[in-house]
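Structural features, examined
Each chain, letter by letter, is given below.
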Amino acid sequence: MFNFDEIIERRTTRSIKWGLFAPDVLPMWVADMDFRVPAAIETALQERVSHGIFGYDFLFADLQERVCERMARLYQWKITPADVVLIPGLVVGFNVAARAVCQAGDGVLVQPPVYHPMLHVAGNQQLENHFAPLQKTQTGRILHYQVDLPAFAQAIRPNTRLFLLCHPHNPVGRIWNQSELHGMAEYCIQNNVIICSDEIHSELLLDGHTHTPLAALAPEIADQTITLIAPSKTFNIPGLDCGFAIIQNPTLRKRYEQAMAGLVPHVVGMGLTAGYAAFGTETDAWLKALLAYLSENARVVREFVEQRLPKANYTIPEATYLAWLDLSGYALDMPAAKFLLEKAKVGLNDGAMFGLGGEGFVRLNFGCPRAVLLEGLERIANAL
Ligand SMILES: Cc1ncc(COP(=O)(O)O)c(C=O)c1O
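All values reported here derive from a predicted model rather than from experimental measurement.

Reading across the sheet, the 6 strands line up as 5-6-11-12-15-14 and stay open at both edges, with mixed pairing between neighbours. A strand with exactly one partner marks an edge of an open sheet, and here the two such strands are strand 5 (135-139) and strand 14 (349-350). Pairing of strand 5 with strand 6 (residues 142-146), which is carried by 5 bridges, proceeds in the antiparallel orientation. Residue pairing in the sheet places Thr-139 in a bridge with Ile-142 of strand 6. Taken strand by strand, helix 13 (residues 336-343) contacts strand 14 and strand 15 (361-365), and its axis lies near 55° from that of strand 15.

Attention now goes to the nonpolar core. In this structure, Leu-364 and Phe-366 are the most contacted members of the largest nonpolar core, which totals 72 residues. Residue contributions to this core peak at 11 residues, all from helix 12 (residues 284-308). Residue assignment places this core across two domains, with domain 1 (11-37 + 284-383) and domain 2 (61-282) each supplying three or more. Ignoring anything within four residues of it in the chain, the contact list for Leu-364 reads Met-28, Val-301, Tyr-321, Leu-322, Ala-323, Leu-348, Leu-373, Leu-377 and Ile-380.

Here we take up the side chain of Arg-10. Relative to the helices and strands, Arg-10 is located in the segment before helix 1 (16-19). Note on Arg-10: relative accessible area 16%, which makes it buried. For Arg-10, the side chain forms a polar contact with the main-chain oxygen of Met-33, separated by 3.4 Å. Only 2.7 Å separates the side chain of Arg-10 from the side chain of Asp-34, close enough to count as a polar contact. Setting aside its immediate chain neighbours within four residues, Arg-10 contacts Ser-15, Lys-17, Trp-18, Asp-32, Met-33 and Asp-34.

Reading the values: the criteria
- Residues numbered from 1 in each chain as written.
- Predicted model: local features only at pLDDT ≥ 70, side-chain atom pairs only at ≥ 80, totals over all residues.
- Heavy atoms only, no water.
- Pairing = 2+ DSSP bridges.
- Helix = DSSP H or I, 4+ residues; strand = E, 2+ residues; numbered from the N terminus.
- Contact = heavy atoms within 4.5 Å.
- Axes fitted to C-alpha atoms, helices over the stretch in contact; angles between N-to-C directions.
- Core = buried A, V, L, I, M, F, W, Y, C linked by side-chain atoms within 4.5 Å.
- Buried < 20%, exposed > 50% of the residue type's maximum accessible area, 1.4 Å probe, protein only.
- Domains from an automatic or database assignment.
- Polar contact = N/O pair within 3.5 Å; in protein donor to acceptor, adjacent residues only side chain to side chain.

Here it is in structure tokens:
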């Protein structure tokens, strides 16, 4: 019914993923997928385009209501339309969070290795980075990451004001469990640290894993949390810049909206149209099929690495379409992504960009047709 094996030419579309490298390079880096969106989104956009007039659009409450319905349906999480602030992207969303809650010299807590724009928030706004690195253990060649709660507590300093949580975590693929979430939230509440929980990957669940929004755990956690969600990764519409900040504490929400005022553009009409269609129920069957396909791709990567990359270590991602591979065993004389770009003609993200603990790793995007994935993996194995 859905053909995720279809190979669609993207170089003609201004795609950054397909346009950054030379034509002989297979791009498996930036986090968008090479799949066509659900028909409901395509139809909604086509209808909007064929109207032919593209004046200023207005946010009607129906979109916020739809977000509330989705949160109730997926997580039994009860929020109101007034809690939902529209944002044109989540990188914007967590930078605004820092503007809203920090003053110059304050600290932003991050958990490297982590999605690199989170590491840059502090530098963007005269703030300090405070690091609570993830704990890594290994069984055979399988890497496990978890939150080191004592180290997390120690990383909070008197001037730490904001914690940027990545849940599920890019690049390590963990969905934090209840004890990790409660533990982190407790320390933040005790120390008056606002949490900005980036949950952009929360619906990209592999092998039947489930997600719980941090703020849905308890009212006192919700009171101190800004939750960022979006249909963008799940439904492959990240170029349309439609995201949501869910902020149940009215004082915090007001500060957030003030930090946006006059600076942050509205979500454009195409984003509103696509976001509304994406978060309805008509996309459910597509998403179910996508998750089955991605789970199988994750398994293909795992088996390939086990059999053909004997010196590589790897994680088993619970969410996202990102594989996190430790290639340090190959003792390459240059960063692994550079080596694989030159020798394998595959474009990957180098682990070092994700900060502490990322050196020697690469991040591989398996959100692509299986034949493309296998071609990329073959190229990597041959080069290594
Ligand atoms: C954790 C995380 N947050 C945010 C983004 C980007 O969000 P946006 O394109 O909405 O700014 C990504 C993209 O890869 C991501 O992995």
